[in-house]
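Residue-level listing of the chains:
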Amino acid sequence: MSRTTVNGATLHHDEAGPADGTPVVLLHGHPFNRTLWAPQVRALAEAGYRVITPDLRGYGESEVTPGKVLPADFADDTAALLDRLGIGRAVVGGVSMGGQIAMEFHLRHPRRVLALVLSDTSAPAETAEGRAFRNRLADRLLAEGMGGYADEVIDKMLAPYNVAALPETAARVLGMMRATDPRGAAAALRGRAERPDYRDTLRTVTVPTLLLVGADDVYTPVADAEAIRSLVPHAVLTVVPDAGHLPGVEQPERFNAALLEFLRTRLPA
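Structure report, in brief. Counting restarts for each chain: residues are numbered from 1 in the order of the written sequence. In view of the model being predicted, local features appear only for residues whose pLDDT reaches at least 70, and side-chain atom pairs are presented and counted only at 80 or more, with totals across whole chains, interfaces and linings using the full set of residues. Note that the side-chain values use all heavy atoms of the structure and ignore hydrogens as well as water.

Secondary structure elements are defined from DSSP: runs of H or I of at least 4 residues count as helices, runs of E of at least 2 residues count as strands, and each element is numbered from the N terminus. Scanning the chain from N- to C-terminus turns up twelve helices and eight strands. The globule rule used here is 2.2 Å times the number of residues to the 0.38 power, and the radius of gyration it is set against is calculated over C-alpha atoms. On C-alpha atoms alone, the chain measures out to a radius of gyration of 17 Å, which is about the 18 Å that the 2.2 N^0.38 rule sets for 269 residues. Projecting the C-alpha coordinates of the chain onto the three principal axes gives extents of approximately 50 × 40 × 35 Å. To sort residues, take the accessible area from a 1.4 Å probe on protein chains only and compare it with the maximum for the residue type: under 20% means buried, over 50% means exposed, and anything in between is partly exposed. Taking all 269 residues of the chain together, 58% fall into the buried category. In what follows, residue pairs with any heavy atoms lying within 4.5 Å of each other are defined as contacts. Contacts in the chain between residues far apart in sequence, at least 24 positions, make up 78% of those at least 6 positions apart. Only carbon and sulfur atoms are counted for the fraction: they give 51% of the accessible area of the chain, which is about 10,800 Å². With 28 positive and 33 negative side-chain charges, the chain shows a separation of 4 Å between the mean positions of the two kinds. Accessible surface area values rest on a Shrake-Rupley calculation with a 1.4 Å probe, where residue burial reflects the displayed protein chains alone. Note on charges: Lys and Arg go in the positive column, Asp and Glu in the negative column, and His and the chain ends are not counted at all. A charge is said to be at NZ when it belongs to Lys, at CZ for Arg, at CG for Asp and at CD for Glu.

Below is the structure:
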């Protein structure tokens, strides 16, 4: 693990794989941390990629910025981290909120994107109802902490059948959620409530793009991934069976096979 200060906040991140490998940065979702990507880090590093997994501002071991953190802030943090690591262009991937940050990164730093990997995410701006919900949830997390919320959503983060069938995985996901600082989670929720509509920027994507989605995702269902593919016609869409919102955790072998095949066949030589 390494740490560096960017844009006024200290971020922690891990690196794996050869220093001269193609850089791949993976952005976790809410309310998780960089260890969410452990199965992907191992597979990518073994395949010769340089993998960077940061704890986003306010999550994991990274510094908390109370109040509100916008997707633009997360995207600029990622760009600044890549600057510190001497990386000009990278494959940029993310799951859920991390996928929206990847889209924001493409919006703000398009020339730095070698390829996009968007897992279980959605492109439209938040609705009025959604904005109110996220702000109420932020208030609740600050008042009550993460425990009750984590227990309520575990069977939506993972497909319900996987909560029972994969108890160690469920325990790991619950542990990440419960350990998240409520101030960081609340700040991201308030920022995410104000996220822009990414559909226009998606129409401009020319780099290779991989879309992944759990077949039984209730938060961002297959239809959301298909809507992104309609905006990025050259995108590759992989529906991961027997998975919910976190297919990289629930079905890592299937997820990794799709990711590695995409990188092997679609990246420029």
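Bringing unusual backbone geometry into the picture now. Geometrically, the link from His 30 to Pro 31 is a cis peptide bond, its omega value of -5 degrees lying close to zero. Here Pro 31 lies in the loop between strand 3 (23–27) and helix 1 (38–46). Located in the positive-phi region is Ser 96, a residue other than glycine, with phi close to 60 degrees. Mapping Ser 96 onto the fold places it in the loop between strand 5 (90–95) and helix 3 (97–108). Note on Ser 96: relative accessible area 8%, which makes it buried. Phi angles above zero are rare outside glycine, and Asp 120 is one such case at about 50 degrees. Among the structural elements, Asp 120 can be located in the loop between strand 6 (113–119) and helix 4 (128–144). Note on Asp 120: relative accessible area 2%, which makes it buried.

When two helices pack together, their arrangement is given by the angle between the helix axes and by the axis-to-axis distance. Where helices are involved, their axes are fitted lines through C-alpha atoms of the stretch in contact, as for all axes, and angles between N-to-C directions lie from 0 to 180°. Close contact between helix 4 and helix 8 (residues 182–192) brings their axes to 8 Å; oriented N to C, the two are set at 170 degrees. The angle between helix 4 and helix 8 falls in the class roughly antiparallel. Mapping the contact onto sequence places Arg 134, Asn 135, Leu 137, Ala 138, Asp 139, Leu 141 and Leu 142 in helix 4 and Pro 182, Arg 183, Ala 185, Ala 186, Leu 189, Arg 190 and Arg 192 in helix 8. Tallied by class, the residues present in the contact of helix 4 with helix 8 amount to eight nonpolar, one polar and five charged. Angular relationships are summarised with four words: roughly parallel below 35 degrees, roughly antiparallel beyond 145, roughly perpendicular across 65 to 115, and oblique for the angles in between. Under the grouping applied here, Gly and all other residues not named as nonpolar or charged are polar, the nonpolar ones being Ala, Val, Leu, Ile, Met, Phe, Trp, Tyr, Cys and Pro and the charged ones Asp, Glu, Lys and Arg.

Turning our attention to the pairing of strand 8 (residues 236–240). Any two strands between which DSSP finds at least two bridges are classified as paired. In this sheet, strand 8 lies alongside strand 7 (residues 209–214) in parallel orientation, the contact comprising five bridges. Paired with Gly 214 across the two strands is Val 240, which belongs to strand 8.

Everything listed here is a matter of geometry and, on its own, says nothing about what the molecule does.
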